[in-house]
Amino acid sequence: MNNIVFTKRWAALFAVFLLILSNLAFIQPYAHAATLDKAVTIKAINEKGEVVLPLTAVSFEEGETAYDVLLEAGEKTEKEIDTTHGEYGVFINSIGGISPSGTAYWSFNINGVSASTGISSHQVANGEHLLFAITEWPNPTVTTKVSAVGKNGEEVIPETDVTLIKGASAYDALIQASAQHGISVQATVDDTYFTYINNVGNTELVPNADWWSVGVNDNALTTSIVAHTVQPNDHVQLTVQTYVPPTDEPAEPSEPEQPAEPNKPEDPTAPNDRNPITNEAIEDNISDILSYIDTKNITFSYGNEWWVWGLANTNRAIPASYVTGVKEKVKEVDGNFRNVFDLEKIIIGLSAAGTDATSIEGYNLVESLVNHASLQNSSINMNIYALLAVDSGQYDTPAGFREQQVSAILSREQAGGGWSFIGSIPSPDITGMVLTALAPYREQADVQAAIDRAVTYLSNAQGETGGYNIDSNGGDASESISQAIVGLASVGVDPTGENFTKAGGNLVQHLLKFKQNDGGFSHLQAGESSEMATQQALLALTAYQSFVNNGELVYQYELVNNPGGQPVKPNQPVEPNQPVEPTPDKNGQTVESTDDTGVPSDSAKGKKLPNTATNTANLMVFGLGLLLVGLILFYLNRKKVS
């Protein structure tokens, strides 16, 4: 009898212990922001130097091999990797369906030189560039020169000749030259923009001021250093540049200028006031981009999320092929996306297509994002896209998740305002993206204060031509302008307003200077249309159009099969720190903003935080109830025994 009583007593205690543990399990961990994940870049070319597998950034876990990341790159780019496993490891048969012929083979090269180990033996290291090339023995090579000059003209790396495999990059040249002099290179790999140089050697860089500029043959690179393929006798040049913030005081109002004399040439930097930014003009430019999409036969499939996001803000529907492609990918990886950016982007893409990302082929992608390991050691763009993803369909998240992302972003604000991807110099691209992500959280005082500082930075950093001349972008790039427009419009600031109108025009006017004859937009004004520039221009134009018409945020969509909360609408167009004015209707009469019921809405007063309520609180209450019942039963059992 005593044994039975003893067993019941410990059974009750064990039940109480399990109940306590089950409740503790619902406490969400706080995601601390830190450095980028470990990552490498990968590229594959054939014997003619033609790209077989495009340059791809791949994150990895400790102990993974070149074979592991090659397979991941193949998945990301939808290129089949065919290999044979033999006595000496893995042998590559084909990449993307391309196989060597005759005595040629797939060579494996690390940072521009032939690897001494096989792909299944080499454990990858952060910042490595892996090049796979069809070649014959001996490998064809290219000789190039590298130099690095510090802030005061001192030689960090003297002019050094390096011999690399044909097809190697400027980054490979830098790594090999620095190795000859025993100098380290600190680099960061990004999923979209690839490799950035943080420092060369122990060069002292002034925070918020100095950075390494990369050029080839006295011309600044317009791409990442790892994306430039070196040619014979190229000279890869790195120099420390210093950012000098604008110090000019605002100009005093001047007397109106006299009308120009007949036939007098126009000032090329003057705003094009005769072509004002009308709604019709924006519509025409958006229509031209849609024509560009048709002409280029652009497909909407998994991996083409940027197009999907923009198209969702036009009068066109997202083709069903996109959701179908995403579903196939989800099934292929069993809902497990190693790269958090891939996961974030497809959640936004699914929302743009009106599809609930919490139920895709039996997988809850939002839950996968919330629990993704990369967010425990995140970069700022991970946090940015995490917010955009969960807000894209107003998805429920565990208590504190959104707050953690906001806090991580705010903690990375640069001195004086704005944000950067790496280093301490703010960039208009990242700052615009941050404004877009923080737009729904403006009611928080610290968020609004950071937004105000960022708006001031974007205005001060804007050049007299109307754009942003950023050395790492190769100069005045349209993508910087597009991101600034999207960010400003999202937080209710007019990108064509006085603060963003310089001698050469406002931001929107300047963006239109990059438009090409085919309807697309170029990276630089002198260049040709590029998909990335056109994708971002589409988002910028639709964001500005929505801003003018008091519409919705471009990254927030209404789900067809699970509407959830309504998309949050931006505030009325205002200049920074100006009061919100009543909205005139189409007849010029002043009216209050209303929701779909005709009742004045709170959106005219400011955005509300997204609904972050989840079932966690209910489960904890239920668990506490069970805990209480367990304690009562334990007490009664003990009393009965005694």
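Now for a description of the structure that goes with this document. Keep in mind that what you see is a predicted model, and the values were worked out from it rather than measured.

## Let's talk about the overall build of the protein chain
Summing up its helical and strand segments, the protein chain has 16 helices and 20 strands in all. Burial statistics for the protein chain: of 642 residues in total, 50% are counted as buried. Partitioning the contacts of the protein chain with sequence separation of at least 6, the portion at a separation of at least 24 is 65%. Here the protein chain has roughly 30,900 Å² of accessible surface; of this, 51% comes from carbon and sulfur atoms.

## Observations concerning the pattern of salt bridges
Scanning all chains against the criterion turns up nine salt bridges. With a shortest N-O distance of 2.7 Å, arginine 316 and aspartate 294 are connected by a salt bridge. With arginine 316 in the loop between helix H5 (305-311) and helix H6 (320-332) and aspartate 294 in helix H4 (residues 279-295), this residue pair connects regions lying 22 residues apart in the sequence. The class for aspartate 294 is partly exposed, based on a relative accessible area of 40%. Measuring nitrogen to oxygen at the nearest pair gives 2.8 Å for the salt bridge that ties aspartate 391 to arginine 402. Pair noted here: aspartate 391 is in helix H9 (residues 380-392) and arginine 402 is in helix H10 (residues 401-410), with a separation of 11 residues, a long-range link. You can call arginine 402 buried: its relative accessible area is 1%.

## Description of the packing of H9 against H10
One way to put it is that H9 packs onto H10 with a least axis distance of 9 Å and a crossing angle of 150°. Every pair of crossing elements has a handedness; the one defined by H9 and H10 is left-handed. Packed against H9, whose contacting residues are Asn383, Ile384, Ala386, Leu387, Val390 and Asp391, the element H10 presents Phe401, Arg402, Gln405, Val406, Ala408 and Ile409 at the interface. Along the lines of polarity and charge, the residues of the contact of H9 with H10 split into eight nonpolar, two polar and two charged.

## Digging into the pairing of strand S14 (residues 235-242)
Note: strand S8 (residues 141-149) against S14, five bridges, orientation parallel. Across the sheet, the residue bridging to serine 147 is glutamine 237, located in S14.

## So, the side chain of lysine 345
By the element assignment, lysine 345 lies in helix H7 (residues 340-352). By relative accessible area, which is 19% here, lysine 345 ends up buried. Discounting chain neighbours no more than four positions away, the residues touching lysine 345 are Asp191, Glu305, Trp309 and Tyr322.

## Considering the packing of aromatic side chains
Tallying each qualifying case throughout the model produces six aromatic pairs. Each ring, one from tryptophan 309 and one from tyrosine 555, has its centre 5.6 Å from the other, and the planes form 65°; the classification is edge-to-face. Taken as a pair, tryptophan 309 in helix H5 and tyrosine 555 in the loop between helix H15 (531-548) and strand S19 (583-584) lie far apart in primary sequence, 246 residues in all. One exposure class covers both tryptophan 309 and tyrosine 555, and it is buried. Site record: aromatic cluster; members linked through ring pairs are Trp306, Trp309, Tyr385 and Tyr555.

## Description of H6
With 13 residues, H6 should cover 18 Å at 1.5 Å per step; its first-to-last C-alpha distance of 19 Å lies within 8% of that length. Of the residues making up H6, those classed as buried are Tyr322, Val323, Gly325, Val326, Lys329 and Val330. Take H6 and look down its axis: the buried residues cluster within an arc of 160°, on one side only. Along H6, exposed side chains directed more than 90 degrees from the buried face belong to Ala320 and Glu332. On its buried side, H6 packs onto helix H2 (66-77), H5, H7 and helix H8 (365-370). With its phi angle positive at about 55°, aspartate 334 sits one or two positions after the end of H6.

## Some remarks on the sheet that holds strand S7 (residues 129-135)
Strands sit in the order S2-S1-S7-S5-S6 across an open sheet of five strands; the sheet is mixed. Either end of the sheet is taken by a strand with one partner, and the two such strands are strand S2 (51-59) and strand S6 (113-114). In terms of strand pairing, strand S1 (residues 39-45) meets S2 through six bridges, oriented antiparallel. Across the sheet, valine 40 pairs through a bridge with valine 58, a residue of S2. Against the sheet, H2 contacts S1, S2, strand S5 (105-110) and S7, and its axis sits at roughly 110° relative to S2.

About the criteria used
- Residues numbered from 1 in each chain as written.
- Predicted model: local features only at pLDDT ≥ 70, side-chain atom pairs only at ≥ 80, totals over all residues.
- Heavy atoms only, no water.
- Helix = DSSP H or I, 4+ residues; strand = E, 2+ residues; numbered from the N terminus.
- Buried < 20%, exposed > 50% of the residue type's maximum accessible area, 1.4 Å probe, protein only.
- Contact = heavy atoms within 4.5 Å.
- Areas by Shrake-Rupley, 256 points an atom, 1.4 Å probe, with all protein chains shown as cover.
- Salt bridge = Lys/Arg side-chain N within 4 Å of Asp/Glu carboxyl O.
- Axes fitted to C-alpha atoms, helices over the stretch in contact; angles between N-to-C directions.
- Left-handed = near helix turned anticlockwise from the far one by under 90°.
- Nonpolar A, V, L, I, M, F, W, Y, C, P; charged D, E, K, R; others polar.
- Pairing = 2+ DSSP bridges.
- Phe/Tyr/Trp six-rings, centres within 6.5 Å; stacked < 30°, edge-to-face > 60°.
- Expected span 1.5 Å × (residues − 1).
- Arc of directions from axis to C-beta.

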